[in-house]
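What follows is each chain in one-letter form.
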Amino acid sequence: MVYLLLENGFEMCEALAPVDILRRGGVDVATVGVSGREVTSSHGVKISADKEFSDIVLSDMEMLIIPGGQPGVDNLWENEAVRELVINVHNAGIKISAICAAPIILARLGILDGKTAVCYPSCSTELEKADFRSGCGVASCDGIITGRAAGDAYDFAFEILRTLCGEKETARVRDAICYE
């Protein structure tokens, strides 16, 4: 199971592009409302999450995805249970993906220390212990995938799919949606 965290203030395309691409690839992915099932994006779009935070089963998890967006990332960071989950996911060797401002959560927890990573440009100072790649849209290092921004949401999603399902399935989905 892949879990994607949603908190009020999330960036919609950074959350839903991965959900769409992964489901097209046959991956079992669930959106998780951290503060409840109804979640509002950073631009006021309301969606209903598949699960609540208390429904997460760590032993079931193949990957955790954290979309960016503000104040969504700040709301996630301020939640002690979310920080504990991210640490537990990392300590269990489960893959983690984060895009835009969300990699700062991983950086603050020390998870990106020495890892190749990207994030939204104005957040890059928070990745001082990471091998930050300026101008790169997506980075993958040791089971951690990071993405730069909303404009990179599909590339981020395809890197997650490639990591979980391989090149052949990724190529099939790319062709099916005419993504070049």
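The rules we used
Residues numbered from 1 in each chain as written. Predicted model: local features only at pLDDT ≥ 70, side-chain atom pairs only at ≥ 80, totals over all residues. Heavy atoms only, no water. Buried < 20%, exposed > 50% of the residue type's maximum accessible area, 1.4 Å probe, protein only. Helix = DSSP H or I, 4+ residues; strand = E, 2+ residues; numbered from the N terminus. Pairing = 2+ DSSP bridges. Salt bridge = Lys/Arg side-chain N within 4 Å of Asp/Glu carboxyl O. Contact = heavy atoms within 4.5 Å. Axes fitted to C-alpha atoms, helices over the stretch in contact; angles between N-to-C directions.

The two faces of strand S11 (residues 144-147) match: Ile-144 and Thr-146 on one face and Ile-145 and Gly-147 on the other face are all buried. Bridging between strand S7 (residues 95-99) and S11 involves 4 bridges; their strand directions are parallel. Each residue of the ladder has a partner; that of Ile-99, found in S11, is Gly-147. Bridge analysis of strand S10 (residues 138-141) against S11 gives 4 bridges, and the strand direction is antiparallel. Across the sheet, residue Cys-141 finds its bridge partner in S11, namely Ile-144. What sits between S10 and S11 in their antiparallel hairpin is a turn of 2 residues, with Asp-142 showing a positive phi close to 55 degrees.

Summed over the entire model, instances satisfying the criterion amount to 10 salt bridges. A salt bridge links Asp-20 to Arg-24, with the nearest nitrogen and oxygen atoms 2.9 Å apart. A residue pair is termed a helical-turn pair when its members lie 3 or 4 positions apart in one helix, as Asp-20 and Arg-24 do in helix H1 (residues 12-24) at 4 residues. On the accessibility criterion, Asp-20 (29% relative accessible area) is partly exposed. For Glu-38, the salt bridge identified is with Lys-46, shortest N-O distance 3.9 Å.

An order of S5-S2-S1-S6-S7-S11-S10 is seen for the 7 strands of this open sheet, with the pairing classed as mixed. The open sheet has two edge strands, strand S5 (51-52) and S10, and neither has a second partner. Two strands pair when backbone bridges link them, and strand S1 (residues 2-6) and strand S2 (residues 29-33) are joined in this way by 5 bridges, in the parallel orientation. From the neighbouring strand, Leu-4 faces S2, where its bridge partner is Thr-31. Contacting S1, S2, strand S6 (63-66) and S7, H1 crosses the sheet at an angle of about 155 degrees to S2.

Don't take any of this as a statement about function, it's just geometry.
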